Amino acid sequence: MTDELTVTGIECFGHHGVFDFERREGQVFVIDLTLGIDTRPAAASDDLADTEHYGLLVDRVKEAVETDPVDLIETLAQRIADVALTGERVEWARVTVHKPDAPIEATFKDVTLSITRHKRTQT
């Protein structure tokens, strides 16, 4: 059994997309991240060393989004999941990438992609 640690609404500015103007001008991406972890050791010790430091994780997620542009949000979501799964206590990660300014010729609120990855399937 795992507990869930969630950080929502991580705002990042990236240059991802298939169109030249997306790469040139960039846009806001918003990341929601949920980690499957066992929080019992941290609850028992009250020690940050016994859990995932979500402040440092957010810094790493922002860096993953704000560097090295890619074409697809699928690629970006996988990159973020890979970052999250490097945590020693993380069993799985669910990542949602929001692209609210996607180049769509219609009125819409948001485009999102959500993926879930488990550590045991990582190579």
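Keep in mind the model is a prediction, meaning the values are calculated, not measured.

Some thoughts on the overall build of the protein chain
Within the protein chain, the secondary structure is distributed over 4 helices and 4 strands. When the elements of the protein chain are put in sequence order from the N terminus, they spell out β-α-β-α-α-α-β-β. Seen along its three principal axes, the alpha-carbon backbone of the protein chain occupies a region of about 50 × 25 × 25 Å. Here the protein chain holds 123 residues, and 38% of them are scored as buried. Taking the intrachain contacts of the protein chain between residues at least 6 apart in sequence as the baseline, contacts between residues at least 24 apart amount to 62%.

As for the UniProt feature "domain: Dihydroneopterin aldolase/epimerase" (unreviewed entry) in the protein chain
UniProt's entry tags residues 5-117 with the feature "domain: Dihydroneopterin aldolase/epimerase" (unreviewed entry), counted in the numbering of this structure. Within residues 5-117, the helical portion is 33% and the strand portion 30%, while the C-alpha atoms at the span's ends are 15 Å from each other.

What about the environment of Asp82?
Along the polypeptide, Asp82 turns up in helix 4 (residues 73-84). Here the alpha-carbon distance between Asp82 and Glu4, two residues 78 residues apart in the chain, equals 17 Å. At 2.9 Å, the side chain of Asp82 forms a polar contact with the side chain of Gln78.

Regarding the packing of aromatic side chains
Scanning the entire structure with this criterion turns up 1 aromatic pair. Considering the side-chain rings of Phe19 and Phe21, the 5.7 Å spacing of their centres and the 10 degrees angle between planes classify their relative orientation as stacked. Phe21 gets classed as partly exposed once you look at its relative accessible area, which sits at 37%.

Details of the sheet that holds strand 4 (residues 112-118)
As summarised here, the arrangement of the 4 strands in space is 1-2-3-4, forming an open sheet in which the pairing is antiparallel. Only two strands of the sheet have a single neighbouring strand rather than two, namely strand 1 (3-14) and strand 4. Neighbouring strand axes in the sheet, compared pairwise and without regard to direction, differ in orientation by 15 degrees on average. Against the sheet, helix 3 (residues 54-66) contacts strand 1 and strand 2 (27-37), and its axis sits at roughly 40 degrees relative to strand 1.

Quick look at the pattern of salt bridges
Applying the stated criterion across every chain, the model contains 8 salt bridges. Linking Lys99 and Glu22 is a salt bridge whose minimum nitrogen-to-oxygen distance equals 2.8 Å. Taken as a pair, Lys99 in the loop between strand 3 (92-98) and strand 4 and Glu22 in helix 1 (residues 20-25) lie far apart in primary sequence, 77 residues in all. Judged by relative accessible area, which is 9%, Lys99 ranks as buried. Given a relative accessible area of 2%, Glu22 falls into the buried group. Salt-bridge contacts for Asp50 lead to Arg89; the nearest nitrogen and oxygen are separated by 3.8 Å. You can see Asp50 sitting in the loop between helix 2 (40-45) and helix 3 and its partner Arg89 sitting in the loop between helix 4 and strand 3, a full 39 residues away along the chain. On the basis of relative accessibility, which here comes to 22%, the residue Asp50 falls in the partly exposed class. In this structure Arg89 comes out as partly exposed when scored by relative accessible area, which is 26%.

Conventions used here
Residues numbered from 1 in each chain as written. Predicted model: local features only at pLDDT ≥ 70, side-chain atom pairs only at ≥ 80, totals over all residues. Heavy atoms only, no water. Helix = DSSP H or I, 4+ residues; strand = E, 2+ residues; numbered from the N terminus. Buried < 20%, exposed > 50% of the residue type's maximum accessible area, 1.4 Å probe, protein only. Contact = heavy atoms within 4.5 Å. UniProt positions renumbered as here; feature names shortened; annotations may be inferred. Polar contact = N/O pair within 3.5 Å; in protein donor to acceptor, adjacent residues only side chain to side chain. Phe/Tyr/Trp six-rings, centres within 6.5 Å; stacked < 30°, edge-to-face > 60°. Pairing = 2+ DSSP bridges. Axes fitted to C-alpha atoms, helices over the stretch in contact; angles between N-to-C directions. Salt bridge = Lys/Arg side-chain N within 4 Å of Asp/Glu carboxyl O.

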